[in-house]
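# Analysis of the macromolecular model
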Amino acid sequence: MSNNEREVLLEVKNLKQYFPLGRKSVVKAVDDVSFHIYEGETFGLVGESGSGKSTTGRTIIRLYDPTGGEVIFDDKVISNKKLPKDDKVYVNKHMQMIFQDPMACLNPRMTVMDIIAEGLDIHGLCKSKEERTQRVYELLRTVGLNEQHANRYPHEFSGGQRQRIGIARALAVEPKFIIADEPISALDVSIRAQVLNLLNQLKASRGLTYLFIAHDLSVVRHISDRLGVMYLGSIVEMGDKHTLFTNPVHPYTKVLFAAV
């Protein structure tokens, strides 16, 4: 399918995210960033620590209000400070995030059952307790865990298992779009490929679209269709992965690729 025939699910236009540093200066964490993501693709955002890639992801999903620019998701402008309630509910259901450190974003006092079912409860997606339980069991199986895990707490799991719980929680509300923010960088090397393969399988079986944020080029190369290279808050180069890896143009991209 040519790019002209594909639907754009997410469009980021001239996004800016500035943070005040003292009274007179600002940090331009994201400075005039534009890109789009087609439905059903994985768009990789790669760069060193501090390049602004995670801030971009968090601004898209409204964890931060942008300083400027626009984010359009599924033909809705979602970057306005005063987003209508219906649009807010729509974004919260159809856009989910998988975080780098699963322990930091799983409530230690909640069981896995309640963690995964949180979105189901908020959006009223289950009609009975029995349906809720079955949905959670099904999600656990989907990510390679089992029903016995439902009544345990996050600290009883390994890092890789906790990340699977985070993925199950993100999938619970059946989103269209998932932002994966360095989802494997905190995991043991032996586990990383398993989690990447799981994300790829879920993309195929559920028709998902990903923004995949990472500093590790070999990971991005493995999972992405197209990618953008970020440096000091800006995207310096963008294209399909084959073109970028075989013929990088920007000096920073060349240095980044040479280090792989």
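Reference entry: report on the structure contained in this document.

Conventions we followed
Every chain's residues receive numbers from 1 upward, in the order its sequence appears when written. Since the coordinates come from a predicted model, pLDDT governs what is reported: local features require at least 70, and pairs of side-chain atoms require 80 or more to be given and counted, while whole-chain, interface and lining totals use all residues. Just so you know, side-chain values use all the structure's heavy atoms and leave hydrogens and water out. Secondary structure follows DSSP: runs of H or I at least 4 residues long count as helices, runs of E at least 2 residues long count as strands, and numbering of each begins at the N terminus. Here the radius of gyration uses the C-alpha set of atoms, whereas the globule reference equals 2.2 Å times the residue count to the power 0.38. Note on classification: 1.4 Å probe, protein chains only; a residue is buried when its accessible area is under 20% of the maximum for its type, exposed when over 50%, partly exposed between these limits. By definition, residues are in contact when any of their heavy atoms lie within 4.5 Å. With residues, only the protein chains shown are counted as cover, and all accessible areas are computed by Shrake-Rupley using a 1.4 Å probe. For the purpose of counting charges, residues Lys and Arg are taken to be positive, whereas Asp and Glu are taken to be negative. His and the chain ends are not included. To locate a charge, take NZ of a lysine, CZ of an arginine, CG of an aspartate or CD of a glutamate. Between N-to-C directions, angles cover 0 to 180 degrees, with each direction set by a line fitted to C-alpha atoms, over the stretch in contact for helices. Orientation categories follow fixed angle ranges, with anything under 35 degrees roughly parallel, anything over 145 roughly antiparallel, 65 to 115 roughly perpendicular, and all other angles oblique. Should the near helix be turned anticlockwise from the far one by less than a right angle, the crossing is left-handed, and should it be turned clockwise, the crossing is right-handed. Residues are sorted three ways: Asp, Glu, Lys and Arg are charged, Ala, Val, Leu, Ile, Met, Phe, Trp, Tyr, Cys and Pro are nonpolar, and all the rest, Gly among them, are polar. A pair of strands is considered paired only if DSSP assigns at least 2 bridges between the two. Salt bridges are defined as contacts in which a side-chain nitrogen from Lys or Arg sits within 4 Å of a carboxyl oxygen from Asp or Glu. Here the aromatic set is Phe, Tyr and Trp, taking the six-membered ring for Trp, and pairing holds for ring centres within 6.5 Å; pairs whose planes are under 30 degrees apart are stacked, those over 60 apart are edge-to-face, and all others are tilted. In our convention, an over-ring charge means Lys NZ or Arg CZ found within 6 Å of a ring centre and within 35 degrees of that ring's normal. We define a nonpolar core as any set of buried Ala, Val, Leu, Ile, Met, Phe, Trp, Tyr and Cys residues linked to one another through side-chain atoms lying within 4.5 Å. To obtain the arc, one takes the directions from the helix axis to the C-beta atoms.

Across its full length, the chain carries ten helices and ten strands. Whereas a compact globule of 260 residues would reach a radius of gyration of roughly 18 Å, the chain reaches 19 Å, a difference of no more than 12%. Dimensions along the principal axes, computed over C-alpha positions, put the chain at roughly 55 × 45 × 45 Å. Relative to its 260 residues, the chain shows a buried fraction of 48%. Intrachain contacts of the chain at a sequence separation of at least 6 include 66% that bridge at least 24 residues. Entry remark: accessible area of the chain is about 12900 Å², with carbon and sulfur atoms responsible for 48%. Put simply, the chain has 33 plus and 31 minus side-chain charges, and the middle of one group is 4 Å from the middle of the other.

Moving on, we come to the packing of helix H6 (residues 159–171) against helix H7 (residues 189–206). Two measures define how a pair of helices packs: the angle their axes make with one another and the distance between the axes. It is at 10 Å that the axes of H6 and H7 come closest, and there the two elements cross at 15°. One finds that H6 runs roughly parallel with respect to H7. In terms of crossing hand, the pair formed by H6 and H7 is right-handed. Contacts between H6 and H7 involve Gly-160, Gln-163, Arg-164, Ile-167 and Leu-171 on the former and, on the latter, Ile-191, Gln-194, Val-195, Leu-198, Leu-199, Leu-202 and Arg-206. The residue makeup of the contact of H6 with H7, split by class, is seven nonpolar, three polar and two charged.

Strand direction decides the pairing type here: strand E9 (residues 226–231) and strand E10 (residues 234–240), joined by six bridges, are antiparallel. Bridge assignment links Leu-227 to a residue of E10, and that residue is Gly-239.

The subject of this paragraph is the pattern of salt bridges. Opposite charge on two side chains makes pairing possible when the charged atoms of those side chains draw close. In the structure shown here, the tally under the stated rule is eleven salt bridges. A salt bridge links Arg-226 to Glu-41; the shortest N-O distance between them is 2.7 Å. Of the two residues, Arg-226 sits in strand E9 while Glu-41 sits in the loop between strand E2 (25–38) and strand E3 (42–46), which places them 185 residues apart along the sequence. The class of Arg-226 is buried, set by a relative accessible area of 11%. Here the salt bridges share partners, and the residues they tie into one network are Arg-6, Glu-41 and Arg-226.

Inspection of every chain in the model, using the stated rule, returns six aromatic pairs. Between Phe-73 and Tyr-90, the aromatic rings sit 6.3 Å apart at their centres with planes inclined by 50°, giving tilted as the arrangement. Placement of Phe-73 in strand E4 (residues 68–73) and of Tyr-90 in helix H2 (residues 85–94) is noted, with a sequence separation of 17 residues between them. Taking relative accessible area as the criterion, Phe-73 reaches 0% and is therefore assigned buried. When the ring of Phe-245 is compared with that of Phe-257, the centres are 4.5 Å apart and the planes differ by 15°; the resulting orientation is stacked. Taken together, the residues span a long stretch of sequence, with Phe-245 in helix H9 (residues 241–246) and Phe-257 in helix H10 (residues 251–258) at a distance of twelve residues. Assessed through its relative accessible area of 12%, Phe-257 is described here as buried. Sitting above the plane of the Tyr-90 ring, Lys-76 keeps its charged end 4.7 Å from the centroid.

Side chains that are nonpolar tend, in soluble globular proteins, to be buried together. Counting residues in hydrophobic clusters, the biggest one holds 48 residues, and the most contacted among them are Ile-116, Ile-165, Ile-167, Leu-171, Leu-199 and Phe-212. Counting residues per element, this core draws most heavily on helix H4 (residues 112–122), at six residues. Excluding residues within four positions of it along the chain, Leu-199 makes contact with Ile-98, Ile-167, Pro-183, Tyr-210, Phe-212 and Ile-223. With 24 residues, the next largest nonpolar core counts Val-33, Ile-78, Phe-177 and Leu-211 among its residues.

Our next topic: the environment of Val-46. If you trace the backbone, Val-46 turns up in strand E3. Distance in space between the C-alpha atoms of Val-46 and Ile-213 is 6.0 Å, their sequence separation being 167 residues. When near neighbours in sequence (up to four residues on either side) are disregarded, Val-46 contacts Lys-53, Ala-214, His-215, Leu-217, Val-220, Leu-227, Gly-228, Val-229 and Met-230.

Take H10 next. Taken together, the buried positions of H10 are Tyr-252, Thr-253, Leu-256 and Phe-257. Buried residues of H10, viewed axially, fall in a sector of 130°; they line one side. Opposite the packed face of H10, turned more than 90 degrees from it, sit the exposed residues Pro-251, Val-255 and Ala-258. Considering only its buried residues, H10 is in contact with helix H8 (217–223), E9, E10 and H9.

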